[in-house]
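# Per-entry structural report
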Amino acid sequence: MQTGGMPTQADFHEAISTRSDRWYSACLKITRNPDLAADAVQDALLNAWNKRHQFQRSARLDTWIHRIAINAALNLIRRNKPGLFEPLEKDYESDIVRPDRAWEEHELESELAMALGRLTEIERVCFVLKHLEQWRAREIADAIGLNEGRVKQAVFRAVKKLRVSMRSMQEETNE
Amino acid sequence: MNDDIRKLVEAHEADVHRPPAHVVEQWHSAIDEAAALERGRRQQPRWHPGSFFWGAAVTGALAIGIGIGFVLSGDNGIPAQEPVIAYVEPGVGATPAAFTRGLAVHLRDSRQQITSLDDSTDATMLLLQIIEQNRRFEMAAKRNDAPKLARVLRAFEPILLQLAANDIAPEDAEALRAQLAFELNVMLTKLASQPSDESHTT
């Protein structure tokens, strides 16, 4: 994988061939929508291509694109659901599966994905960024326009809910 | 990180979803098209009528041209919030010849505006309006079950954003303007050479 100099067209193709499933999965976990996830990756690729002269020699191309894709996914869900991260009530939404998410869960066909789908949008995004993408709470707060305290609360609630989901999955496996 | 969270994270990290093959193919194509656009800006561009790239570029330029036309013409009898393409159904066009003529006028106006764009705030505002309109066309394309057109429109947004950016070098801005103007020229040529009833295919 390319790690120095300005990346070439071939480097981008190689990155797509070897790492795009990771980018897509990360975006899917954030957006919960296959089309939006695909759009986020495409936006990221084009942005990365247009700004490839800014690429740091010490970085890896695939991780650079990954980071851009995550930001693109966040932008897309903000654009599709304006005010998503603003209302306080969202933090305390129940964990009932909403009808508009049902088809997406069916599409994803993964119990883990469904468990993520039972979180509120804020909880899901904060959990994915904090624990799967290893972002710091401060970075998450800046990216989604919340304060750091609310980010930590959202992560805490997400973990709590996901633990319950994991236990029930394990119990089903053991039965 | 405690054990519970570690297990949770490991489980989620292992939960990788493969993108559909056609989507991966589109990403490869997007990079090829972006590279071709860039080469086109550096060299004297040549038009190969049958190539996928030019098909995509022409379709994008068509929509951008209409968008510019809406922005510049203000009240032209068609609600600005709903792009005309939203009402055009392939094969069921009501007045395709009139549509083509109107489009040609818009494209000529758009070409003129883009080539005379300068670095002023007004130019940035105009480009932002075009981008906004481009997004409406993208959404309209999705609603009309034309995902390819939607993706082509999406691919144009970074170019327009680059042009609207304040930190772009004058020579880069000039090259981007020249490229957009060239694509509008290509579109006008295509419109002039095509039968009018094919002017609104997606």
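Remember, predicted model here, so these are calculated numbers, not experimental data.

We now examine the overall build of chain B. On a plain count of helices and strands, chain B comes out with 7 helices and 0 strands. N-terminal to C-terminal, the α/β element order of chain B is α-α-α-α-α-α-α. In chain B, buried positions account for 31% of the 202 residues.

The next thing to look at is the overall build of chain A. Looking only at helices and strands, chain A features 8 helices and 0 strands. Listing each helix as α and each strand as β along chain A from the N terminus yields α-α-α-α-α-α-α-α. A buried classification covers 39% of the 175 residues belonging to chain A. In chain A, once contacts between residues fewer than 6 apart in sequence are set aside, the share between residues at least 24 apart is 66%.

What follows concerns the packing of helix α1 (residues 9-31) of chain A against helix α3 (residues 61-80) of chain A. All names here are of chain A. Where α1 contacts α3, the axes come no closer than 9 Å and their chain directions differ by 35°. Between α1 and α3 the crossing geometry is right-handed. Contacts from Asp11, Ala15, Arg19, Arg22, Trp23, Ala26, Cys27, Ile30 and Thr31 in α1 reach Leu61, Asp62, Ile65, His66, Ala69, Ile70, Ala73, Leu74, Leu76 and Ile77 in α3.

The next subject is the nonpolar core. One broad trend across soluble globular proteins is that nonpolar side chains are buried collectively. Counting 63 residues, the largest nonpolar core has Cys27(A), Val41(A), Leu45(A), Ala69(A) and Ala73(A) as its most contacted members. With 11 residues, α3(A) is the single largest residue contributor to this core. In terms of domain composition, this core takes at least three residues from each of domain 1 (1-82) and domain 2 (87-175) of chain A. Setting aside chain neighbours within four positions, we find Leu45(A) in contact with Phe12(A), Ile65(A), Trp27(B), Ala30(B) and Ile31(B).

Below, the discussion takes up the environment of Leu126(B). All names here are of chain B. Counting through the fold element by element, Leu126 comes out in helix α5 (residues 121-143). Leu126 sits in the partly exposed class, given 18 other C-beta atoms within 10 Å. A sequence separation of 13 residues divides Leu126 from Gln113, and the C-alpha atoms of the two residues are 9.5 Å apart.

Moving on, we get to the interface of chain A and chain B. When the parts of a complex come together, some accessible area is lost, and that lost area is often taken as the interface size. In this assembly, 28 residues from chain A lie in contact with 26 residues from chain B. Of all the secondary-structure elements, those providing two or more residues to the side of chain A that touches chain B are α1, α2 (34-50), α5 (111-117), α6 (121-132) and α8 (148-174) of chain A. Among the elements that take part in the side of chain A that touches chain B, α1(A) stands out by supplying 10 residues, more than any other. When its residues are assigned to classes, the side of chain A that touches chain B shows 15 nonpolar, 9 polar and 4 charged.

For Arg22(A), the location among the structural elements is in helix α1. Take Arg22(A): there are 17 C-beta atoms within 10 Å of it, and that puts it in the partly exposed class. Through-space distance from the C-alpha of Arg22(A) to that of Asp62(A) is 9.5 Å; in sequence the pair is 40 residues apart. Setting aside residues up to four positions removed in sequence, Arg22(A) forms contacts with His66(A) and Val16(B).

Residues and elements named next belong to chain A. Packing of α2 against α3 brings their axes to within 8 Å, and their N-to-C directions diverge by 130°. In terms of their interaxial angle, α2 and α3 are classed as oblique. Once α2 is placed against α3, the crossing between them reads as right-handed. Across the interface between the two elements, Leu36, Ala37, Asp39, Ala40, Val41, Asp43, Ala44, Leu45, Asn47 and Ala48 of α2 pack against Trp64, Ile65, Ile68, Ala69, Ala72, Ala73, Leu76, Ile77 and Asn80 of α3. Each residue belonging to the contact of α2 with α3 can be placed in one class, and the counts come to 15 nonpolar, 2 polar and 2 charged.

Rules behind the numbers
Residues numbered from 1 in each chain as written. Chains lettered and ligands numbered in written order. Predicted model: local features only at pLDDT ≥ 70, side-chain atom pairs only at ≥ 80, totals over all residues. Helix = DSSP H or I, 4+ residues; strand = E, 2+ residues; numbered from the N terminus. Buried ≥ 20, exposed ≤ 12 C-beta atoms within 10 Å, placed from the backbone. Contact = placed C-beta atoms within 7 Å. Axes fitted to C-alpha atoms, helices over the stretch in contact; angles between N-to-C directions. Left-handed = near helix turned anticlockwise from the far one by under 90°. Core = buried A, V, L, I, M, F, W, Y, C linked by C-beta atoms within 7 Å. Domains from an automatic or database assignment. Nonpolar A, V, L, I, M, F, W, Y, C, P; charged D, E, K, R; others polar. Parallel < 35°, antiparallel > 145°, perpendicular 65-115°, else oblique.

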